[in-house]
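# Overview (structure and organization)
Listed below, chain by chain, are the residues.
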Amino acid sequence: MRLRALLVAFSLFVLSLTLSIPVAAQIETRPILSSSAAMTMVHGCLSKAAAEGWFMHIAIMDNHGNLKAYHRMDDAQLLSHDVAMAKARTSAASPRSTKQWGEMAFASGPSAAAFVPGLNFFEGGLPILTDDGQHLGGIGVSGDPGANDALCAQAGIDAVADQLQ
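The following refers to the structure shown. The residue numbering used here restarts from 1 in each chain and proceeds along that chain's sequence as written. Whole-chain, interface and lining totals are the exception, using all residues; otherwise, since this is a predicted model, local features are given only for residues with pLDDT of at least 70 and side-chain atom pairs are given and counted only at 80 or more. Water and hydrogen atoms play no part in the side-chain values, which are based on all heavy atoms of the structure.

For the protein chain, the helix and strand inventory stands at six helices and four strands. Numbering of helices and strands runs from the N terminus, with a helix taken as a DSSP run of H or I at least four residues long and a strand as a DSSP run of E at least two residues long. Beginning at the N terminus, the succession of helices and strands in the protein chain can be written as α-α-α-β-β-α-α-β-β-α. Here the term buried applies to any residue with accessible area under 20% of the maximum for its type, exposed to any over 50%, and partly exposed to those in between, with areas from a 1.4 Å probe on protein chains only. Here the protein chain, with 165 residues, has 39% of them falling under the buried criterion. If you take every contact in the protein chain between residues at least 6 apart in sequence, the share linking residues at least 24 apart comes to 62%. Any two residues having at least one pair of non-hydrogen atoms within 4.5 Å are treated as being in contact.

Next comes the structure, spelled out in structure tokens:
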């Protein structure tokens, strides 16, 4: 009986501690990259690519490396699939563009970053960030020279700018 009373007292003590913590402190919330936003990004990229006559692969991943959206335009070269996926994965893994990674990796000869498996250094991968800098994922576009890939990726991000606030 005494053990039971002690157990009840301890349970009530723990419960009182739990109740004294505000609910907001117990539940961490953060923005996520929604499927809807990812599809809007695809359409933003498609509009830019069509206007410029580019044939692109577009990959969008959340910050855990999960594929949220993918599109291959008609006649886009097959090899660009793997490159777009690698660009998206690189920018989903860290809040840097693939161009920034390349600059860091090879600024004054190869650095340690040049040997990290899975990083892609071709321009055209951009991080997806909220207005206050929270990292939601990455977009990778491939099919044209890197500068055009990056412009297309930026068009995708611009298409959801109002959703990333």
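In this fold, H43 is placed in helix α3 (residues 35–52). Classification of H43 by relative accessible area gives partly exposed; the value is 48%. Along the backbone, H43 and A159 are 116 residues apart, and their C-alpha atoms lie at a distance of 8.0 Å.

A word on the nonpolar core. Buried residues of nine kinds, namely Ala, Val, Leu, Ile, Met, Phe, Trp, Tyr and Cys, make up a nonpolar core once their side-chain atoms join them within 4.5 Å. Counting 24 residues, the largest nonpolar core has M41, M56, I58, I60, I128, I139 and V141 as the members making the most contacts within it. Listing elements by their share of this core, those giving two or more residues are α3, β1 (57–62), β3 (125–129), β4 (135–142) and α6 (146–159). Element by element, the count of residues in this core is highest for α3, at seven residues. Those residues in contact with M41, other than ones at most four positions away along the chain, are L33, I60, I128, I139, G156, I157 and V160.

Turning our attention to α3. Count 3.6 residues to each turn of an α-helix, and residues three or four apart come out pointing the same way. Here, expected helix span is obtained from the residue count minus one, scaled by 1.5 Å. For α3, spanning 18 residues, the distance from its first C-alpha to its last is 26 Å, which sits close to the expected 26 Å at 1.5 Å a residue. Burial in α3 covers these residues: A37, A38, M41, V42, G44, C45, L46 and A49. Looking at the packing, one finds that the buried side of α3 touches β1, β2 (67–72), β3, β4 and α6. G53 occupies a position one or two residues after α3 and carries a positive phi of about 80°.

This part is about unusual backbone geometry. For D75, which is not glycine, the phi dihedral falls at a positive 70°. With respect to the secondary-structure elements, D75 resides in the loop between β2 and α4 (80–93). Classification of D75 as exposed rests on a relative accessible area of 65%.

Put simply, two rings from Phe, Tyr or Trp (the six-membered ring, in Trp's case) pair if the centres are within 6.5 Å, and we call them stacked under 30 degrees between planes, edge-to-face over 60, tilted for the rest. Taken as a whole and judged by the stated rule, the model has one aromatic pair. We note R96 situated over the ring of W101; from NZ or CZ to the ring centre the distance is 5.3 Å. Working rule: Lys NZ or Arg CZ, within 6 Å of ring centre, within 35 degrees of ring normal, means a charge sits over the ring.

Our focus in this paragraph is the side chain of D62. Summarising the element assignment, D62 is placed in strand β1. Note on charges: Lys and Arg go in the positive column, Asp and Glu in the negative column, and His and the chain ends are not counted at all. By salt bridge we mean one thing: a side-chain nitrogen of Lys or Arg within 4 Å of a carboxyl oxygen of Asp or Glu. Despite its burial, D62 pairs with no opposite charge; the closest candidate is K68, at 4.9 Å N-O. Within polar-contact distance, the side chain of D62 engages the backbone nitrogen of N66 at 2.9 Å. When residues no more than four places from it in sequence are discounted, the contact partners of D62 are L33, K68, A92, L136 and G137. The definition of a polar contact used here is a pair of N or O atoms within 3.5 Å, where within protein one atom must be able to donate a hydrogen and the other to accept one, and adjacent residues in sequence count solely through side-chain atom pairs.

Compared with the 20 Å implied by 1.5 Å per residue over 14 residues, the 20 Å span of α6 between its first and last C-alpha is a close match. Those residues of α6 lying buried are N148, D149, A150, C152, A153, A155, G156 and I157. Of the surrounding secondary structure, the elements contacted by the buried residues of α6 are α3, α4, β3 and β4.

Everything listed is a geometric property; what it means functionally is a separate question.
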